[in-house]
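Chain by chain, the residues run as shown.
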Amino acid sequence: MKGDSKYKDEAISFSNNITYNLNKLRMSLINGTYKFSGYYAFTVYEPKQRDIDAPCFKDKIVQIAINNILKELVYKKFIFNSYACIDNKGTHACAVKTQKNIKQANWKYKDPFIIKGDIKKFFYTIDREILKSILEKIINCDRTLKLLKHIIDSADVIDELGLPLGNTLSQICANIYMNLLDQYIKRKLSIKFYTRYADDMCLICESKEKAKEVLKLCEKFINNELNLKLNKRKTKIFPLKQGVNFVGYKIHHTHMLLRSKSKKKVKNRLKSNKIPSHKLEQMMNSWKGHADYANSYNFYNKLVDRFECLKLENDQFRVKEV
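Residues numbered from 1 in each chain as written. Predicted model: local features only at pLDDT ≥ 70, side-chain atom pairs only at ≥ 80, totals over all residues. Heavy atoms only, no water.

## Here we look at the overall build of the protein chain
Phase 1: Looking only at helices and strands, the protein chain features 12 helices and 9 strands.
Phase 2: Along the first, second and third principal axes, the C-alpha set of the protein chain runs to 70 × 60 × 30 Å.
Phase 3: Each of the 322 residues in the protein chain was classed as buried or not, and the buried ones make up 43%.
Phase 4: Residue pairs at least 24 apart in sequence account for 69% of intrachain contacts in the protein chain once pairs closer than 6 positions are excluded. (Helix = DSSP H or I, 4+ residues; strand = E, 2+ residues; numbered from the N terminus. Buried < 20%, exposed > 50% of the residue type's maximum accessible area, 1.4 Å probe, protein only. Contact = heavy atoms within 4.5 Å.)

Okay, structure coming up:
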């Protein structure tokens, strides 16, 4: 069966005369004639359904170049406990740090409570005018600022709010945007035990009353300063002893478990007869990297047994076909 090509036609066309095209792109940035080419839309269904608006190939190159420069400027402005889309960090490092926070808070406080926060439709509701005003305060180069604003304003054709998920710059811009909240929580509210991954936040307070007060102040800041809304259904306060569902794990001070939703999902994928053996093997290897951070020895071994059975069934089916 013929599958989708790994490389798009525009990428192949650009690469066929890469020296000329890169120089042409470079000159357009130098002389200020660069224009964003627009977006093409598609939908992804893993890990959940999302509408993606992706830029053209040459615009991706420009964004990667800007991102490589911009991160050198802004990473040092971020708090240590921000983990999304930052070099040498990620979900696993975030989970480990969150568990460390839980252990320390459990030892330090008599009756600690957790605030698990989530922003409603985060990427789709970011206020681009606020983002541009933040960038004006941290970028001194007028030409760079003008280029960034041009790329940010390109989302006007999609909606009046939000950043396109397909843009390389959307991730770092989201961190720049949420850094205001990070600084408020750490510097103004003096919350010692705090981690954030994109729009998911985990704060630990010494009591339920303190947690309620902190959540109220955070919600006010998020509404007034960032023009965002908390997801009331996903934002909760609960005792630390319950543990917390965060970045794909159920995290306790003594251990970490895989979330039930995550386990159910991988079991359902293994039941599918439509996935080729080599794809299943790639999925299992990738999932093992995630499972290794949790106390999941027995569950993973059961998955391996199931995978070996499926692989044997697929091999026997291919022999019959021949």
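From this point on, the discussion continues.
## A few points about the packing of aromatic side chains
Phase 1: One pass over the structure, following the stated rule, counts 8 aromatic pairs.
Phase 2: Judged by centre distance (4.9 Å) and plane angle (50°), the rings of Phe-36 and Tyr-39 are tilted.
Phase 3: The class for Phe-36 is buried, based on a relative accessible area of 14%.
Phase 4: The exposure class assigned to Tyr-39 is buried, which follows from its relative accessible area of 19%.
Phase 5: For the ring pair Tyr-184 and Phe-221, a centre distance of 4.4 Å and an interplane angle of 15° mean the geometry is stacked. Note that Tyr-184 is positioned in helix H8 (residues 168-188) and Phe-221 in helix H9 (residues 208-225), a separation of 37 residues in sequence. In this structure, Tyr-184 and Phe-221 share a single accessibility class: buried.
Phase 6: Here the guanidinium or amino end of Lys-89 rests over the ring plane of Phe-80, the centre of that ring lying 4.5 Å away. (Phe/Tyr/Trp six-rings, centres within 6.5 Å; stacked < 30°, edge-to-face > 60°. Lys NZ or Arg CZ within 6 Å of the ring centre and 35° of its normal.)

## Things to note about the nonpolar core
Across soluble globular proteins, nonpolar side chains show a tendency to be buried alongside one another.
Phase 1: With 57 residues, the main nonpolar core has Leu-135, Ile-176 and Leu-203 as its most contacted residues.
Phase 2: Contributions of two or more residues to this core are made by helix H3 (57-74), strand S3 (113-118), helix H5 (122-125), helix H6 (128-138), helix H7 (142-153), H8, strand S5 (200-205) and H9.
Phase 3: Here this core takes 10 residues from H8, the largest share from any one element.
Phase 4: Residues Ala-105, Ile-114, Leu-240 and Tyr-249 belong to the second largest nonpolar core, which totals 30 residues. (Core = buried A, V, L, I, M, F, W, Y, C linked by side-chain atoms within 4.5 Å.)

## Focus on the sheet that holds strand S8 (residues 249-251)
Phase 1: Overall, antiparallel pairing links the 3 strands, which are arranged S7-S8-S9 in an open sheet. Sheet topology places strand S7 (244-246) and strand S9 (256-258) at the edges, where each strand pairs with a single neighbour. Across the sheet, the axes of successive neighbouring strands diverge by a mean angle of 30°, strand direction being ignored.
Phase 2: Pairing of S7 with S8 involves 3 bridges; the strand directions are antiparallel. Among the inter-strand pairings, Val-244 is bridged to a residue of S8, identified as Ile-251.
Phase 3: Those strands touched by helix H4 (residues 91-108) are S7, S8 and S9, and its axis lies near 15° from that of S8. (Pairing = 2+ DSSP bridges. Axes fitted to C-alpha atoms, helices over the stretch in contact; angles between N-to-C directions.)

## Focus on the pattern of salt bridges
Phase 1: Per the stated rule, a full pass over the model turns up 8 salt bridges.
Phase 2: For the salt bridge of Asp-156 with Arg-128, the shortest nitrogen-to-oxygen distance reads 2.8 Å. Here the residue Asp-156 occupies a position in the loop between H7 and H8, and Arg-128 occupies one in helix H6, the gap between them amounting to 28 residues.
Phase 3: A relative accessible area of 48% places Asp-156 in the partly exposed class.
Phase 4: Looking at Arg-128, the relative accessible area reads 3%, which means it is buried.
Phase 5: Put simply, Glu-136 and Lys-149 hold a salt bridge, and the shortest N to O gap is 2.5 Å. Note that Glu-136 is positioned in helix H6 and Lys-149 in helix H7, a separation of 13 residues in sequence. (Salt bridge = Lys/Arg side-chain N within 4 Å of Asp/Glu carboxyl O.)

## A look at H9
Phase 1: The end-to-end C-alpha distance of H9 is 25 Å, a good match for the 26 Å that 18 residues give at a rise of 1.5 Å each.
Phase 2: When we look at burial in H9, the residues that qualify are Ala-211, Val-214, Leu-215, Cys-218, Phe-221 and Ile-222. In an axial view of H9, the angular spread of the buried residues amounts to 130°, which keeps them on one side of the axis. Exposed and oriented more than 90 degrees from the buried face of H9 are Glu-209, Lys-216, Lys-220 and Asn-224.
Phase 3: Residues of H9 that are buried in the fold lie against S3, H8, S5 and strand S6 (236-239). (Expected span 1.5 Å × (residues − 1). Arc of directions from axis to C-beta.)

## Quick look at the sheet that holds S5
Phase 1: Spatially, 4 strands are ordered S4-S5-S3-S6 in an open sheet, and the strand pairing comes out antiparallel. Because the sheet does not close on itself, it has two edges, and the strands there are strand S4 (193-197) and S6. Across the sheet, the axes of successive neighbouring strands diverge by a mean angle of 15°, strand direction being ignored.
Phase 2: Direction of pairing for S3 relative to S6: antiparallel, over a ladder of 4 bridges. Paired with Phe-113 across the strands is Pro-239, a residue of S6.
Phase 3: Its contacts with the sheet place H8 against S4 and S5, and it is angled at close to 170° to S4.

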